[in-house]
Amino acid sequence: MTNTGNLSNDGADDLEMDGAGPAGYGWPGGAVRLLSDMGPVANSGNVSANGGDGEFMGGGTADVVLAGTSVVNSGNVSARGGNANPAISGSRGGRGGFVELDSPAGVAGVTHSGTVDVAGGTGDNPDPFDAQAGSFLSGGVCVSSPRGCEQFLFIE
């Protein structure tokens, strides 16, 4: 499977606080998955699954998974939590998602040259759960995670 275009499943922004319902909450980003059981996965496009920005709370996000017999990625990948307005007392950023590049060959089966951003969103209240950064796994190895990558291993 080969992808050369940009892929986005970002959550929508909601920067309005009108008092008429659940306004001011960023929508969550959705998952983006390029999966192949029988062959390689190659991606050169930018991939994003970011949470939307919200006036009171940023949206969290899901995951980006590229998995195949081998994986080659040169695109930039982002699964950031959405931001909230820091001028509003108690506002919270959204939780960052996770990015996994996976091959049965482990590290030897993954080539990655793009950037990865799984930062949590910002706001007035840096809630340790809501605004936490996500995780990045490459070839089954935890590259970065404030909370441990083992809970995010992609299972088909």
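Just so it is clear, the structure is predicted and the values come from calculations on it, not from any experiment.

**Quick notes on the environment of Met 57**
Residue position: Met 57 is located in the loop between β5 (47-48) and β6 (63-67). A relative accessible area of 18% means that Met 57 is categorised as buried. A sequence separation of 31 residues divides Met 57 from Gly 26, and the C-alpha atoms of the two residues are 6.1 Å apart.

**With respect to the pattern of salt bridges**
One pass over the full model with this rule turns up 2 salt bridges. Of the charged contacts, one joins Asp 63 and Arg 33 as a salt bridge, the two residues approaching to 2.8 Å between their closest N and O atoms. You can see Asp 63 sitting in strand β6 and its partner Arg 33 sitting in strand β3 (residues 32-35), a full 30 residues away along the chain. On the basis of relative accessible area, Asp 63 is assigned to the buried category, the value being 6%. The closest approach of N and O atoms between Asp 117 and Arg 80, which form a salt bridge, is 3.0 Å. Linking Asp 117 in strand β11 (residues 116-117) with Arg 80 in the loop between β8 (77-78) and β9 (98-102), this pair joins segments that are 37 residues apart in sequence. The class for Asp 117 is partly exposed, based on a relative accessible area of 28%.

**Regarding the sheet that holds strand β4 (residues 41-43)**
Spatially, β1-β4-β7-β10 is the arrangement adopted by the 4 strands of the open sheet, whose pairing is parallel. On the outer flanks of this sheet lie β1 (2-3) and β10 (110-112), each paired with one strand and no other. Both β4 and strand β7 (residues 71-73) contribute to a ladder of 3 bridges, which runs parallel. Along β7, the bridge assignment pairs Ala 42 with Val 72.

**Focus on the packing of aromatic side chains**
Tallying each qualifying case throughout the model produces 1 aromatic pair. Between the aromatic rings of Tyr 25 and Phe 56, the centroid separation amounts to 5.6 Å while the plane-to-plane angle is 65°, which identifies the pairing as edge-to-face. Of this pair, Tyr 25 sits in the loop between β2 (7-8) and β3 while Phe 56 sits in the loop between β5 and β6, and the two are 31 residues apart along the sequence. Taking relative accessible area as the criterion, Tyr 25 reaches 36% and is therefore assigned partly exposed.

**Considerations on the sheet that holds β11**
Taken together, 4 strands build an open sheet; the order of strands is β2-β5-β8-β11 and the sheet is parallel. Each edge of the open sheet is held by one strand with a lone partner, namely β2 and β11.

**Quick notes on the nonpolar core**
By size, the foremost hydrophobic cluster in this structure holds 15 residues, and its most contacted members are Val 64, Leu 66, Val 71, Val 99 and Leu 101. Elements supplying a minimum of two residues to this core: β3, β6 and β9. The contact partners of Leu 101, leaving out residues within four places of it in the chain, are Leu 66, Val 71, Val 110, His 112, Phe 136, Leu 137, Ser 138, Gly 139 and Gly 140.

Cut-offs applied
Residues numbered from 1 in each chain as written. Predicted model: local features only at pLDDT ≥ 70, side-chain atom pairs only at ≥ 80, totals over all residues. Heavy atoms only, no water. Helix = DSSP H or I, 4+ residues; strand = E, 2+ residues; numbered from the N terminus. Buried < 20%, exposed > 50% of the residue type's maximum accessible area, 1.4 Å probe, protein only. Salt bridge = Lys/Arg side-chain N within 4 Å of Asp/Glu carboxyl O. Pairing = 2+ DSSP bridges. Phe/Tyr/Trp six-rings, centres within 6.5 Å; stacked < 30°, edge-to-face > 60°. Core = buried A, V, L, I, M, F, W, Y, C linked by side-chain atoms within 4.5 Å. Contact = heavy atoms within 4.5 Å.

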